[in-house]
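Close look at the chain arrangement
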Amino acid sequence: MMLEGYVASEYSGNNMMMRRLIGKEKGNLTIDDYETAKLILREKCFVLLTDEIEESFDRWSQLNHGTQIDDAEWSCIGDMIVHVFTKGKDISLSQYSVSERNLLYRANTFDVKLYQYAKYLFLQQGMWFKEHLHS
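Here goes a summary of the coordinates provided.

Quick notes on the rules
- Residues numbered from 1 in each chain as written.
- Predicted model: local features only at pLDDT ≥ 70, side-chain atom pairs only at ≥ 80, totals over all residues.
- Heavy atoms only, no water.
- Axes fitted to C-alpha atoms, helices over the stretch in contact; angles between N-to-C directions.
- Helix = DSSP H or I, 4+ residues; strand = E, 2+ residues; numbered from the N terminus.
- Parallel < 35°, antiparallel > 145°, perpendicular 65-115°, else oblique.
- Left-handed = near helix turned anticlockwise from the far one by under 90°.
- Contact = heavy atoms within 4.5 Å.
- Nonpolar A, V, L, I, M, F, W, Y, C, P; charged D, E, K, R; others polar.
- Salt bridge = Lys/Arg side-chain N within 4 Å of Asp/Glu carboxyl O.
- Buried < 20%, exposed > 50% of the residue type's maximum accessible area, 1.4 Å probe, protein only.
- Phe/Tyr/Trp six-rings, centres within 6.5 Å; stacked < 30°, edge-to-face > 60°.

**Considerations on the packing of helix 3 (residues 31-44) against helix 7 (residues 109-132)**
Where helix 3 meets helix 7, the axes come as close as 10 Å, and the angle between the chain directions of the two elements is 30 degrees. In terms of their interaxial angle, helix 3 and helix 7 are classed as roughly parallel. Of the two elements, helix 3 crosses helix 7, and the hand of that crossing is right-handed. Taken together, the residues of helix 7 that come into contact with helix 3 (itself represented by Ile31, Tyr34, Ala37, Lys38, Leu41 and Arg42) are Phe110, Lys113, Leu114, Tyr117, Ala118 and Leu121. For the contact of helix 3 with helix 7, the residue count by class is nine nonpolar, no polar and three charged.

Listed below in structure tokens is the structure:
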């Protein structure tokens, strides 16, 4: 199946992160749905980012009574992230042409916006950690 066919198919899971968060698996998504997803993230979620993995696990450790993660555990965590999130496949967007990337973006616009919001929350939560949990 070509990318265009996949994106248009029922298998593509457009905006899957937002759909799962708000419990709306089918149908069109709206700005109100996006605002609901942002509210859920802000009020109910502890944001961890794979591209900020050390900081994320540092925060996790602080919430779990200062449990330290050693080098072997970091290696295991890294392997797990690669396996779970990529299933061992190259997920780099560089393998796609600009038009294909634009197609993926258009099919997942709300997820892209929600991810940007999650990055903002990660920074906000980081400030809270500095104020409340760092000695």
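**Some thoughts on the pattern of salt bridges**
What the rule picks out here adds up to four salt bridges. In this structure, Arg20 engages Glu25 in a salt bridge whose closest nitrogen and oxygen atoms are separated by 3.8 Å. The class of Glu25 is partly exposed, set by a relative accessible area of 43%. The closest approach of N and O atoms between Arg42 and Glu43, which form a salt bridge, is 3.7 Å. Overall, the relative accessible area of 54% leaves Glu43 in the exposed class.

**Observations regarding the packing of aromatic side chains**
Scanning the model with the defined rule gives four aromatic pairs in all. Between Phe46 and Phe129 the ring centres are 5.8 Å apart and the planes differ by 35 degrees, which places this aromatic pair in the tilted class. Placement of Phe46 in the loop between helix 3 and helix 4 (53-63) and of Phe129 in helix 7 is noted, with a sequence separation of 83 residues between them. Both rings, one in Trp128 and one in Phe129, keep their centres 5.5 Å apart while their planes meet at 85 degrees; by these two values the pair is edge-to-face.

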